[in-house]
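# Structural features, examined
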Amino acid sequence: MRVYLDHAATTPLDEEVLQKMMPYFTEKFGNTHSQHSYGKETAIAVDKARKQVADALNCSPNEIYFTGSGTESDNWAIKGAAFARRDKGKHIIVSAIEHHAIINSAKWLSNNGFDVTYLPVDKYGVIKLDELKKAIRPDTVLVSVMLANNEVGTIEPIKEVVEICHAKGILVHSDCVQAVGAVEIDLKDLGVDLASVSAHKFYGPKGVGALYIKNGIKIDKLIVGGGQERMQRGGTTNTPAIVGMGEAIEKAVREMQKNNAYIKELRDYFVKRVTEEIHYVTYNGHPTDRLPSNANFSFEFIEGEGILMLLDLGGVAVSSGSACSSGTLDPSHVLLAMGVDIVLAHGSLRFSFGKHNTKEEIDYTVDLLKKTVERLRKMSPLFTLKEGEIKNV
Ligand code: PLP
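Residues numbered from 1 in each chain as written. Predicted model: local features only at pLDDT ≥ 70, side-chain atom pairs only at ≥ 80, totals over all residues. Heavy atoms only, no water.

The environment of the ligand is made up of 13 residues, and the closest members are Thr71, Asp175, Gln178, Ser198 and Lys201. At 3.4 Å, a side-chain N or O of His99 approaches an oxygen atom of the ligand. His200 places a polar side-chain atom, nitrogen or oxygen, 2.8 Å from an oxygen atom of the ligand. In isolation the ligand offers 390 Å² of accessible surface; the protein chains occlude 90% of this area. Among the elements that take part in the shell around the ligand, helix α3 (residues 70–84) stands out by supplying three residues, more than any other. (Near = heavy atom within 4 Å. Polar contact = N/O pair within 3.5 Å; in protein donor to acceptor, adjacent residues only side chain to side chain. Areas by Shrake-Rupley, 256 points an atom, 1.4 Å probe, with all protein chains shown as cover. Helix = DSSP H or I, 4+ residues; strand = E, 2+ residues; numbered from the N terminus.)

As a further point, take the domain arrangement of the chain. Taken domain by domain, the chain holds domain 1 (3–9 + 256–392) and domain 2 (15–254). Each of domain 1 and domain 2 has a C-alpha centre, and the two are 29 Å apart. Taken together, the contact pairs 29 residues of domain 1 with 33 residues of domain 2. Note on domain 1 versus domain 2: buried area summed over both sides is about 2500 Å², and carbon and sulfur give 57% of it. Run the count over domain 1 and domain 2 and you get zero salt bridges. In this assembly, domain 1 and domain 2 are joined by 15 residue pairs in polar contact (both at pLDDT 80 or more). When residues of the side of domain 1 that touches domain 2 are traced back to their parent elements, those giving at least two are α10 (256–277), β10 (294–299) and α12 (333–337). (Domains from an automatic or database assignment. Contact = heavy atoms within 4.5 Å. Buried area = accessible area lost by both parts, 1.4 Å probe. Salt bridge = Lys/Arg side-chain N within 4 Å of Asp/Glu carboxyl O.)

How two helices pack is summed up by the angle between their axes together with the distance between the axes. Relative to each other, helix α11 (residues 304–313) and helix α14 (residues 359–378) sit at 130°, their axes nearing to 10 Å. Looking at the two axes, α11 sits oblique to α14. α14 is crossed by α11, and the crossing has right-handed handedness. Counting all contacts with α11, which are made through Gly306, Ile307, Leu310 and Leu311, the residues of α14 involved are Leu368, Leu369, Thr372, Arg375 and Leu376. Of the residues assigned to the contact of α11 with α14, the class counts are six nonpolar, two polar and one charged. (Axes fitted to C-alpha atoms, helices over the stretch in contact; angles between N-to-C directions. Parallel < 35°, antiparallel > 145°, perpendicular 65-115°, else oblique. Left-handed = near helix turned anticlockwise from the far one by under 90°. Nonpolar A, V, L, I, M, F, W, Y, C, P; charged D, E, K, R; others polar.)

Evaluation of the coordinates by the stated rule reveals 26 salt bridges. The salt bridge partner of Lys48 is Glu247, with a shortest N-O separation of 3.2 Å. Residue Lys48 is found in helix α2 (residues 37–57), and its partner Glu247 is found in helix α9 (residues 239–254); the two are separated by 199 residues along the sequence. Lys48 sits in the partly exposed class, given a relative accessible area of 48%. Between Lys159 and Asp189 there is a salt bridge, and its shortest N-O distance comes to 3.1 Å. In this pair, Lys159 is assigned in helix α6 (residues 158–166) and Asp189 in helix α7 (residues 187–190), connecting sequence segments 30 residues apart. Residue Lys159 is classed as partly exposed on the basis of its relative accessible area, which comes to 42%. Each of Arg273, Glu277, Lys359, Asp363, Asp367 and Lys370 takes part in a single network of salt bridges with overlapping partners. (Buried < 20%, exposed > 50% of the residue type's maximum accessible area, 1.4 Å probe, protein only.)

Summed over the entire model, instances satisfying the criterion amount to 13 aromatic pairs. Between Phe83 and Trp108, the aromatic rings sit 6.1 Å apart at their centres with planes inclined by 50°, giving tilted as the arrangement. Residue Phe83 is located in helix α3, and its partner Trp108 is located in helix α4 (residues 100–110); the two are separated by 25 residues in the primary sequence. Look at Phe301 and Phe383: their rings are 5.2 Å apart centre to centre, the planes differ by 55°, and that puts the pair in the tilted class. Of this pair, Phe301 sits in the loop between β10 and α11 while Phe383 is found in helix α15 (residues 381–392), placing the two residues 82 residues apart along the sequence. Judged by its relative accessible area of 15%, Phe383 falls in the buried class. (Phe/Tyr/Trp six-rings, centres within 6.5 Å; stacked < 30°, edge-to-face > 60°.)

We now examine the nonpolar core. Among the nonpolar cores identified, the biggest contains 61 residues, and Leu57, Ile64, Phe66, Leu132, Ile185, Leu187 and Met245 are the most heavily contacted of them. Taken domain by domain, this core gets at least three of its residues from each of domain 1 (3–9 + 256–392) and domain 2 (15–254). Beyond its immediate sequence surroundings of up to four residues, Met245 is in contact with Val53, Phe66, Val197, Ser198, Ala199, Phe202, Pro205, Val208, Gly209 and Ala210. Ranked by size, the runner-up nonpolar core spans 26 residues in total, among them Phe270, Val271, Val318 and Leu376. (Core = buried A, V, L, I, M, F, W, Y, C linked by side-chain atoms within 4.5 Å.)

This part covers the environment of Phe383. Along the backbone, Phe383 and Lys370 are 13 residues apart, and their C-alpha atoms lie at a distance of 15 Å. Those residues in contact with Phe383 that lie beyond four places of it in its chain are Tyr280, Phe301 and Arg377.

Following the sequence through the fold, Tyr124 ends up in the loop between β4 (115–119) and α5 (129–135). Since its relative accessible area comes to 30%, Tyr124 is described here as partly exposed. The sequence separation of Tyr124 and Gly204 amounts to 80 residues, and the corresponding C-alpha distance is 30 Å. Beyond its immediate chain neighbours, meaning those up to four positions away, Tyr124 contacts Thr154, Gly285, His286, Pro287 and Met338.

Relative to β4, strand β3 (residues 91–95) runs parallel, the two sharing five bridges. Considered in β4, the bridge of Ser95 is made with Leu119. In this view, the connection linking β3 to its parallel neighbour β4 by way of α4 has right-handed handedness. (Pairing = 2+ DSSP bridges. Right-handed = clockwise from strand over helix to strand, strands pointing away.)

What follows deals with the pairing of strand β6 (residues 171–175). Within β6, five of the five residues are buried, which leaves the element mostly enclosed by the surrounding structure. Judged by which residues are buried, β6 turns out to be covered on both faces: Leu171, His173 and Asp175 on one side and Val172 and Ser174 on the other are all buried. Examined bridge by bridge, strand β5 (residues 140–144) and β6 share three bridges and lie parallel to one another. Paired with Leu142 across the strands is Leu171, a residue of β6. A crossover links β5 with its parallel partner β6, the connecting element being α6, and its sense is right-handed. Bridge analysis of β6 against strand β7 (residues 194–198) gives three bridges, and the strand direction is parallel. Paired with His173 across the bridge in β7 is Leu194.

Written out as structure tokens, the structure is:
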């Protein structure tokens, strides 16, 4: 059996979405900026997709700018906003549990004359609003806090962040990449100035994202070139991907309630079985305010990488941290920021569920996980020591 439980890393492209994209790879290939009919038909398709994205997020189409990824949207938001406001101040605040697209953009800014404060979180991964108030300085120009965390799924109090920051004239960016199709996003209601999304997290194609820039907010360009995206982002428009993003977001929002109810039931069943049937496990993240698709566990005495590899041999795909950091063996910066002990953080795995998963797959995974954890613990000197302690009591 092959079981895919890594939907936070990426989702499979929806079949209906693919069909809508197909003509734009072949017969409808025109450059959206060409003056002739070939260009006009693709420009119309991109306009439709922009409206689909805007409707899904409750904003105006002219506030949506297509990009090449969630990572690009994050880089553009952070660097573009900081540089546009550098005459006002050079201090930015980002949460300590942001995706590396934000963390490394902030690091880049600190190497280029800006000051960065990393906002602490509590044991559930929720940012501390009183620490935000304390961190704000007269020269703070931007705050970035994600709507939902990609590793532990915790949902952040963005409206409160906006209230605190706007009272001081500070811009707010939110990385909403993990939240689309999982939680309702109403950008007008949230009140953020900038927001990032990425199509491949909601059954759309890879390599396309969008940045919401609220009307009236000016940020510097990241990619300069031709006059695409209303002069804000150069590069020939990726029409098939944008068409796919529009169709995927419309479908994700339309089916959100149904999919979430189904996915949450699978996730809750998985969590119940794991916590009841495996000893020495910790369920990381917020008990309730979290993405319905996410379950993150720490398994004591063993390494997450070891479990991951054995699960993979058994056909089950999971993640030992964010996909982007899995090239390294560093423990998750998210779990460390939540105060998880470094050894325990090494024993952590993220399971993220999707609309195609089944109960049979969950049962297969838990059975394999139980055997895997037992097998690795038998080889673990730490576990042998613990067993000895228990026997001697
Ligand atoms: N932000 C978050 C919270 C993510 O989870 C990801 C992807 O894992 C990204 C940004 C980057 O998006 P993309 O893969 O489209 O570059």
